[in-house]
Amino acid sequence: EGRSVQNMGTGPSTAALASGGNPGSGSAVTTTEEFNGTGWSLGGAMNIARVGGASCGTQTAAIITGGEPNLTTAESYNGSAWTSAPAINTGRWRISSAAAAPSTAAIIFAGELNPGTNQALTEEFNGTSWSEAGDLNTARGDGPGGAGSQTAAICFGGDSGSLSALAEEFNGTSWTEVGALNTARDYLGSSGLQTSAIAFGGNTPPTTTATETYDGSSWTTSAAVLGTAQSEGTRAGTTGDTGLSATPGPAGAGAAEVFNKSVNVTTAAAWAAGGTMGTARYTMGSAGTSTAALGFGGRNSPIYNLTEEYN
């Protein structure tokens, strides 16, 4: 179902969850959809319609919280139905969260108090309640990117009075500014870990296809760009090698793309001694495999017409 504004996504790119958002009609929805790596199907509906909240976890164990207008309520998902969960301390929307954090160790950060007051707040969930943690150095809203876990998170982009390229890392206690994005943007997609994150799409303006990858110290602009410029949509992906961007444009239109990065590893080969030929020679003919070979002809002195077999 097309949901053009800030639906909430979580989970790995092959088993993602997309919930809520605004279908372009002006009202948030409760709809949940599940992605299996190939297609989408309807899941259980949320109890409260929301747009611009944050989510963590997996397709069968997720938590979602916040949203417009300054919601504090939270819900948890068990793979089929949503139930009420402990509320966050400060209601806000356009929040970010760590992509790889489980639902019982969720972390949310940044966001806005409606109307439009950017926040530096961080809150952590222990499976029972939410508590405040160290604030970001720079308050930001408009959907900054997030990746990592509760003890190793990263926040990047968003709006801090203007479009931001700033990135900060969280160590479980405090935030530290690190290498900035190459392209400042807000409402961007994000996935991965603190040491291997992906930033994709967003508003620069205009809406962009640009993708960047993070290696734990700096961002690199990737040659792999989105096929369709996207912003304000589902973000999913729990590793730095995969990501899901599912951002419907106008109501009823749906665009989803999956990012995959792979590395070919070359393993060094080694030679081992085999059986010795009966007659030494060179410039000979040969055929077969390492377990069924022939060697024939050749020369040393004189020219040989000998043939030998190797098993």
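Read on for a plain summary of the structure. (Residues numbered from 1 in each chain as written. Predicted model: local features only at pLDDT ≥ 70, side-chain atom pairs only at ≥ 80, totals over all residues. Heavy atoms only, no water.)

Side note on the pairing of strand 8 (residues 82–85)
Part 1: Two elements, strand 7 (residues 74–77) and strand 8, share four bridges in a ladder whose sense is antiparallel. Paired with Glu-75 across the strands is Ser-84, a residue of strand 8.
Part 2: Hairpin connection between strand 7 and strand 8: a loop of four residues separates the two successive antiparallel strands, and Gly-79 in this loop has a positive phi of roughly 105 degrees. (Pairing = 2+ DSSP bridges. Helix = DSSP H or I, 4+ residues; strand = E, 2+ residues; numbered from the N terminus.)

Points about the nonpolar core
Part 1: The biggest cluster of nonpolar side chains holds 23 residues, and the ones touching the most others in it are Ile-63, Phe-109, Trp-130, Leu-136 and Trp-175.
Part 2: Of all the secondary structure elements, the ones that give two or more residues to this core are strand 5 (54–58), strand 10 (107–109), strand 14 (130–133) and strand 16 (152–156).
Part 3: Ignoring anything within four residues of it in the chain, the contact list for Trp-175 reads Phe-109, Thr-122, Gly-134, Asp-135, Leu-136, Asn-137, Ala-153, Ile-154, Cys-155, Glu-168, Glu-169 and Phe-170.
Part 4: By size, the runner-up hydrophobic cluster in this structure holds eleven residues, among which are Phe-156, Ala-165, Leu-188 and Tyr-214. (Core = buried A, V, L, I, M, F, W, Y, C linked by side-chain atoms within 4.5 Å. Buried < 20%, exposed > 50% of the residue type's maximum accessible area, 1.4 Å probe, protein only. Contact = heavy atoms within 4.5 Å.)

Quick look at the sheet that holds strand 7
Part 1: Judged by pairing direction, the sheet is antiparallel, and its four strands sit side by side in the order 5-6-7-8 without closing on themselves. Of all strands in the sheet, those with a lone pairing partner are strand 5 and strand 8, marking the two edges. Pairwise comparison of adjacent strand axes, ignoring direction, gives a mean angle of 20 degrees for this sheet. (Axes fitted to C-alpha atoms, helices over the stretch in contact; angles between N-to-C directions.)

Examining unusual backbone geometry
Part 1: Of the consecutive residues Thr-204 and Pro-205, the connecting peptide bond is found in the cis state with omega at -25 degrees.
Part 2: Here Pro-205 shows up in the loop between strand 20 (196–200) and strand 21 (211–214).
Part 3: Following Pro-205, the chain continues to Pro-206 via a peptide bond in cis, the omega torsion being 0 degrees.
Part 4: Note on placement: Pro-206 falls in the loop between strand 20 and strand 21.
Part 5: Positive phi, normally seen in glycine, also occurs at Asn-70, with a value near 55 degrees.
Part 6: Take Asn-70: it is sitting in the loop between strand 6 (61–65) and strand 7.
Part 7: In this structure, Thr-283 takes a positive phi of about 45 degrees despite not being glycine.

Concerning the packing of aromatic side chains
Part 1: Tallying each qualifying case throughout the model produces seven aromatic pairs.
Part 2: Look at Phe-170 and Trp-175: their rings are 4.9 Å apart centre to centre, the planes differ by 35 degrees, and that puts the pair in the tilted class.
Part 3: With relative accessibility at 1%, the residue Phe-170 sits in the buried group.
Part 4: You can call Trp-175 buried: its relative accessible area is 5%.
Part 5: A network of ring pairs unites the aromatic residues Phe-109, Phe-170 and Trp-175 as a single cluster. (Phe/Tyr/Trp six-rings, centres within 6.5 Å; stacked < 30°, edge-to-face > 60°.)

Remarks on empty space enclosed by the protein
Part 1: Scanning all chains against the criterion turns up three cavities of 30 Å³ or more.
Part 2: Here the largest cavity defines a volume of roughly 200 Å³.
Part 3: Residue lining of the largest cavity: 18 residues in total, with Asn-7, Gly-53, Ile-95, Gly-233 and Arg-235 positioned closest to the centre.
Part 4: At the level of elements, strand 1 (8–10), strand 5 and strand 9 (96–97) are the ones that each hand at least two residues to the lining of the largest cavity.
Part 5: Quantified by volume, the second largest cavity comes out at close to 60 Å³. (1 Å grid on protein atoms, 1.4 Å probe; cavity = no way out; pocket = protein on both sides within 12 Å on 5 of 7 lines; lining within 4 Å. Points joined across faces, edges and corners; volume = space filled by probe spheres on them.)

Some details on the pattern of salt bridges
Part 1: This structure, assessed with the given rule, holds seven salt bridges.
Part 2: In this structure, Glu-75 engages Arg-50 in a salt bridge whose closest nitrogen and oxygen atoms are separated by 3.2 Å. Of this pair, Glu-75 sits in strand 7 while Arg-50 sits in the loop between strand 4 (40–42) and strand 5, placing them 25 residues apart in sequence.
Part 3: Judged by relative accessible area, Glu-75 falls into the buried class, the value being 1%.
Part 4: Notably, a salt bridge pairs Arg-94 with Glu-112, separated by 3.2 Å at the nearest N-O pair. With a gap of 18 residues between them, Arg-94 in the loop between strand 8 and strand 9 and Glu-112 in strand 11 (residues 112–113) connect regions that are remote in the sequence.
Part 5: The class for Arg-94 is buried, based on a relative accessible area of 19%.
Part 6: For Glu-112, a relative accessible area of 3% gives the class buried. (Salt bridge = Lys/Arg side-chain N within 4 Å of Asp/Glu carboxyl O.)

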